[in-house]
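So the chains spell out like this:
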Amino acid sequence: MTRYVRVLPDEAAIGKVFDYEVPDHLAGADLVQVGSEVRIELHGRRIGGWVLATDVVPPPGVTIRPIAKVRGLGAPKNVIDLAMWAAWRWGGRSANVLRFTSPPTAVRFLQPRRQLPAISVPNNDELAELAASALAQGGTQVIRTPPTIDRFGFILETIRWGGSRGALIIAPANSVAEVLSRRLQRLGIPTALLPRDWAMAAAGGCVVVGARAATFAPIDDPGVVLVLDEHDESHQDERTPTWNARDVAIERARRLQVPCLLTSPTPTLEALHAAQRDAWALERRTEQAGWAAIQLVDRSNEEPGRTGLVASGAHAAKMITALRTDERVLCILNRTGRARMLGCTACGTVAACETCGAAVQQLTEVSELRCPRCSHVRPVVCAECGGGRMKNLRMGTSRAREELESLAGRPVGEVTAAVEQLPDTAVLVGTEALLHRVDRASAVIFLDLDSELLAPRQRAQEHTLVLLARAARLVNSKKTRAQSPHHSDTLFIQTRQPDHPVIQAALRGSPDIVIPEQLAVRQALRLPPTWSLAVISGAAAPAWAELLRAVPGLEVSGPVDGKYLVRTQTIATLADAIADKEMTRPSGRVRIEVDPLRI
């Protein structure tokens, strides 16, 4: 009997499925099943694709071509269905998500299923005990894991709970997944590191570890799903569809009816909303000890615009002392270039672009001012009085490096996106990306935390607390303690808002301080998690905006800088509208970002 299968081509622009015949020599093979990767003939050329359904009945009167080749096995049906759901949920093409389910090389057969050994969890591990309590509740649970406490016992308890079905662990970065995989393997625990060990994961009976794409791991029936550092922005894909590993993991666990644990030192409101309860936390004193010591440098009494990069006073003196040690110190300033805002020393006028009115910037030592909005360039001359001397009102990392060298009395390295290799200096200055380029530091100095707290982003305060947690993890790393046993585990924070809830949360090691206020603001502004958002940009954005304005339940505003904002209380309303095949789609390029992290 002739078999027919339904195939989705690996061409995002097509987005349609086609029926193909299974050749006689493959009819009895186990290679042709849901998820299998095949090669097909389509419009005169051979392309790849995925089998979405088997034993289908093709429409009458249509000539059915045979499958050209079977590349190998793919993910199980429940993972394929999950990928299709993610494409719908984030308004993208199915092929763009299904690629994450595919093995890096062709897999023609699987090894026998392994047997997980008994897992031994260290005694008196408070985080492990917390994991056991949360897992017993079932469903989605959020656990606050202080940034400096080792989570390995907690992870072992989670794996133990998964039993013979194994566990799926999603890490925020490949480097984190690799370290965890090695630690588990040293204990004799079968561990598949994705994407390298795709076939091992598909065989089952192991722990599967990987970064974002591992959310679609081919493990058929994990006993538990664990997401580490659910707050980390790397869990969300920057390309469309902008799917988030945390939310996909929650959906996968729900479909399998297994527990899903989300860990973070600073849980997001989205995670708490999904769990529908407060986060699990250690005892107050224990959690507070899991944060780094913070030295607060209060600049609220200093006159704005007339102070230098570093404040004066006792705490500032300690900060300068830290700069002059031989150990690694990171200085964070989220502004590149020399000057992001200048003022005339003669008349006090802020230097602005005469074309569009935006504040001009000096990005290099070259004597020119450039507008970040319209790219207009002019000499360093005041447009108001003609003066040629400017004072730096908001310096960037290039100018900060020069001042830090003067304070430290030694070379300081500047780290930007263009720097591939870290400078060979003990003191480094750069943007927040610097916190992800090193694995240890004796001290971290936030030169201007207020610029983070007051940033025009919906998640500014949440993001600032994440940066502080990341810095706390660096200064309390094992490498730091081993190489500098007498270091003070110190974060220095320069601010004019010492009583800000975010700063107080970090000082007390209590992230829940900021949650009530942030939730109230989000609800008032109709932002996630109670509402869903989408940002539409590109040449076809105006046409798409008009189309979506006609959909009941969607609110479209804009444009602002060429972008439109779509709000909805029910994400299904937006997802269905984007996926509606009966809708006439506007021509032209468009980018739809569903639930973007930074707006």
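A short tour of the structure in this document, coming up. Numbers given for residues are sequential positions, taken from 1 along each chain in its written order. pLDDT decides what is reported in this predicted model: residues at 70 or higher carry local features, side-chain atom pairs at 80 or more are listed and counted, and totals for whole chains, interfaces and linings draw on all residues regardless. Side-chain numbers here rest on the full set of heavy atoms in the structure, without hydrogens or water.

1. Notes on the overall build of the chain
As a reminder of what qualifies: Helix and strand assignments follow DSSP, with helices taken as H or I runs no shorter than four residues and strands as E runs no shorter than two, numbered in order from the N terminus. Under the scheme applied here, a residue whose accessible area is under 20% of the maximum for its type counts as buried, over 50% as exposed, and between as partly exposed, the area being computed with a 1.4 Å probe on protein chains only. Note on definitions: a residue-residue contact is assigned when non-hydrogen atoms from the two residues lie within 4.5 Å. Areas reported as accessible are Shrake-Rupley estimates using a 1.4 Å probe. Residue values count occlusion only from the protein chains shown. We score Asp and Glu as negative and Lys and Arg as positive, and we do not count His or the chain ends. Where a charge lies is defined by one atom per residue type: Lys uses NZ, Arg uses CZ, Asp uses CG and Glu uses CD.
The secondary structure content of the chain amounts to 18 helices and 25 strands. Within the chain, the proportion of its 599 residues that are buried is 52%. Counted over contacts in the chain with a minimum sequence separation of 6, partners at least 24 positions apart contribute 70%. Working note: accessible area of the chain is about 27,100 Å², and carbon and sulfur atoms make up 49% of it. Of the charged side chains in the chain, 71 are positive and 64 negative; the average position of the first set lies 2 Å away from that of the second.

2. Overview of the sheet that holds strand 19 (residues 427-430)
To keep it simple, the criterion reads: For two strands to count as paired, DSSP must find a minimum of two bridges between them. Helix axes are fitted only over the stretch in contact, all axes being lines through C-alpha atoms; the angle between N-to-C directions runs from 0 to 180 degrees.
Taken in spatial order, the 6 strands make up an open sheet running 12-21-20-13-19-18, and their pairing is parallel. Of all the strands in the sheet, the pair left with one neighbour each is strand 12 (293-298) and strand 18 (412-415). Sheet twist, expressed as the average angle between the axes of neighbouring strands with direction ignored, equals 20°. Of the pairings in the sheet, the one linking strand 18 to strand 19 comprises 4 bridges and is parallel in character. Bridged to Glu414 within strand 19 is Val429. Contacting strand 12, strand 13 (329-332), strand 19, strand 20 (443-446) and strand 21 (490-495), helix 10 (residues 314-323) crosses the sheet at an angle of about 120° to strand 12.

3. Considerations on the sheet that holds strand 10 (residues 225-227)
If you trace the 6 strands from one edge of the open sheet to the other, you get 6-11-10-7-9-8, paired in parallel fashion. Because the sheet does not close on itself, it has two edges, and the strands there are strand 6 (140-144) and strand 8 (191-193). Averaged over all pairs of adjacent strands, the angle between strand axes in this sheet comes to 20°, irrespective of strand direction. In this sheet, strand 10 lies alongside strand 7 (residues 167-170) in parallel orientation, the contact comprising 3 bridges. The residue of strand 10 that forms the bridge with Ile170 is Val227. Helix 7 (residues 245-256) contacts strand 6, strand 7, strand 10 and strand 11 (260-264) of the sheet and is inclined by roughly 155° relative to strand 11.

4. Things to note about the environment of Glu403
Note that Glu403 resides in helix 11 (residues 397-408). Its relative accessible area of 21% is what places Glu403 among the partly exposed residues. As a C-alpha pair, Glu403 and Thr355 span 48 residues in sequence and 32 Å in three-dimensional space. Excluding residues that lie within four positions of it along the chain, Glu403 makes contacts with Leu309 and Met395.

5. Overview of the nonpolar core
The following threshold applies: Among buried residues, those of type Ala, Val, Leu, Ile, Met, Phe, Trp, Tyr and Cys that are joined through side-chain atoms within 4.5 Å constitute a nonpolar core.
Ranked by internal contacts, the top residues of the largest apolar core, which has 67 residues, are Val208, Phe216, Val248, Ile536, Leu548, Val566 and Leu574. With 7 residues, helix 1 (residues 77-89) is the single largest residue contributor to this core.

6. Describing unusual backbone geometry
As a rule of thumb, non-glycine residues mostly have phi less than zero, and peptide bonds are mostly trans rather than cis. In this chain, Thr240 is followed by Pro241 through a cis amide linkage whose omega measures 0°. Of note, Pro241 is situated in the loop between strand 10 and helix 7. Residue Pro529 follows Pro528 across a cis peptide bond; omega there is 15°. For Asn124, which is not glycine, the phi dihedral falls at a positive 60°. As for its placement among the helices and strands, Asn124 is situated in the loop between helix 2 (94-98) and helix 3 (126-137).

7. Some points on the packing of aromatic side chains
The description of two aromatic rings rests on the distance between their centres and on the angle between their planes. Heads up, the rule is: Two rings belonging to Phe, Tyr or Trp (six-membered ring only in the last case) form a pair when the distance between their centres is within 6.5 Å. Interplanar angles under 30 degrees mark stacking, angles over 60 mark edge-to-face geometry, and anything in between is tilted.
For the structure shown, the criterion picks out 4 aromatic pairs. Judged by centre distance (5.1 Å) and plane angle (70°), the ring pair of Phe100 and Trp243 falls under edge-to-face. Here the residue Phe100 occupies a position in the loop between helix 2 and helix 3, and Trp243 occupies one in the loop between strand 10 and helix 7, the gap between them amounting to 143 residues. Look at Trp243 and you get buried, because its relative accessible area is 1%. Each ring, one from Phe216 and one from Trp243, has its centre 5.0 Å from the other, and the planes form 65°; the classification is edge-to-face. Of this pair, Phe216 sits in the loop between strand 9 (207-210) and strand 10 while Trp243 sits in the loop between strand 10 and helix 7, placing them 27 residues apart in sequence. Both residues of the pair, Phe216 and Trp243, count as buried.

No statement about biological role is implied by the geometric values presented.
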